[in-house]
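Per-entry structural report
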Amino acid sequence: MWINFEQSLGQRLNTEQLNTEQKKAKNLRSKGAAIVRGVAGSGKSLVLRNRVEKLAQDYDDILVLSYNRFMNSWLKSQFKTSNLSVECKTFHQWAYQKLKYRYDYDPDEVVRLARKCDRQYQAILIDEGQDFYDEWFQALVAVLEPKTESLFIVYDNTQSVYGQFHRRQSNWTWKNLNINIPGGRSQVFDLNYRNSPEILELAWHFIQPALTAAEMKVEKRERDETGKIIHTPSIGSIIEPRKKLSRSSGIKPLLLETYYEALPNKIAYEVQAALNSHAESSIGILVHPQAQDLKQEISNELTELKIKHHAPENSQARDSNVVHRPYVIVDSWNALKGVEFDAVIIAGVDSLVEYARDSEPSFEDYAGLYTAMTRARDHLVMLYETKDSVVDLLESCLNLPDRLDGE
């Protein structure tokens, strides 16, 4: 049995209370730009949601943008629950509806269209900022009310799966985009709440070689004996996460060899067994963005077992909230960026090499798999058929000693 939820129920993460640092970011004064750099699972989107509630006390015209549809649907559901009237879209939806800009246009065109637009937002908030093009930020600055300059961006360059290589370099600053971040308005969240320590340690070990190869500087947010911050990573650095020790159930991630032909059927039966252990649970079955056939085969097997699930066939089908339990979803790990599950099954970690453009996975490929791992709260199962460099790396990472600081 791959997943037994009875083993992790005592550690299941349910809280949405903000800690001191998150409250500080939420309560920054309304005027001016602010940045939150946070590791995976550190509550960036939760803070953004609460920041909207704060800004709504001062402003009426607020725009909230994300990169992917699942994240956008979660934000919409949160605003609806709080009775907040804000414009909430993916960037592509907003740019098409407001500017008549299509995703296949030259990126410079969106800036030109935005500068012709009369719309002025009093505040703009951006989730998943690491995946926004420079031109998107420039377009948004063009439609932001100059009297407020209220721009709030949250991001994590470790999860940069859509390029923006230049913004992952230590010499890059937001001033390059004419975005001025005053002192005290750049916040860092380094404590990971979502993942069990076992999952976070594996994911962090795994992404290290890719960070090194991409020459991305990694820094800790250092504290003294009293807990006072004595060093904050520079704006272009990757932040080393800290783990939440109380999240541990002692459950190690699994790396299992499974023949491709048997994979969909095996996954379906294991999902059924997992839900039998605790039905009110969420399970994400994540595949490579190019493995659409495998996604459909897994969905077919789940249907055979009458397991309710969601396997979107197109982008529009992703306009739904997949956070609340119970939920089973089958989709690419890029599409599920920002979402979290009690358990994650990654179908085909060897697909990184299989689908690599130049036979060797790029940083974005490794970041995609890292992002997939960090969707898992308590249970992580990784499947492969062919032994390759990625599988070898995962095997070695599973046997490495812990390296992250804990709280």
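Since we're looking at a predicted model, the values are computed, not measured.

Right, let's talk about the side chain of R242 for a bit. As for its position among the elements, R242 is in strand β12 (residues 242-243). Those residues in contact with R242 that sit more than four places away from it in its chain are D190, L191, N192, L200, R223, D405 and E407.

Turning to the packing of helix α8 (residues 263-277) against helix α9 (residues 292-304), a few remarks are in order. How two helices sit against one another is set out by the angle between their axes and by the gap between those axes. Taken N-terminus to C-terminus, the directions of α8 and α9 make an angle of 45°; their axes are 8 Å apart at the nearest point. On the basis of their axis angle, the class for α8 and α9 is oblique. Every pair of crossing elements has a handedness; the one defined by α8 and α9 is right-handed. Counting all contacts with α8, which are made through L263, P264, N265, I267, A268 and V271, the residues of α9 involved are L294, E297, I298, E301 and L302. In the contact of α8 with α9, the residues fall into eight nonpolar, one polar and two charged.

Another aspect to go through is a negative patch on the surface. Residues E257, E261, E354 and E385 make up a contiguous surface patch of negative charge. Tracing the backbone through its elements, the reader meets E385 in the loop between β17 (376-384) and α12 (389-398).

Now for helix α4 (residues 91-99). Burial in α4 covers these residues: F91, Q93, W94, A95 and L99. Turning to α4, the residues buried within the fold contact β2 (62-66), α3 (69-81), β3 (87-90), α5 (107-116) and α6 (134-142). Backbone geometry just after α4 places K100 at a positive phi near 60°.

Analysis parameters
Residues numbered from 1 in each chain as written. Predicted model: local features only at pLDDT ≥ 70, side-chain atom pairs only at ≥ 80, totals over all residues. Heavy atoms only, no water. Helix = DSSP H or I, 4+ residues; strand = E, 2+ residues; numbered from the N terminus. Contact = heavy atoms within 4.5 Å. Axes fitted to C-alpha atoms, helices over the stretch in contact; angles between N-to-C directions. Parallel < 35°, antiparallel > 145°, perpendicular 65-115°, else oblique. Left-handed = near helix turned anticlockwise from the far one by under 90°. Nonpolar A, V, L, I, M, F, W, Y, C, P; charged D, E, K, R; others polar. Patch = residues over 30% accessible without salt bridge, like charges linked within 9 Å, V, L, I, M, F, W, Y side chains within 5 Å. Areas by Shrake-Rupley, 256 points an atom, 1.4 Å probe, with all protein chains shown as cover. Salt bridge = Lys/Arg side-chain N within 4 Å of Asp/Glu carboxyl O. Lys, Arg positive; Asp, Glu negative; His and termini not counted. Charge placed at Lys NZ, Arg CZ, Asp CG, Glu CD. Buried < 20%, exposed > 50% of the residue type's maximum accessible area, 1.4 Å probe, protein only.

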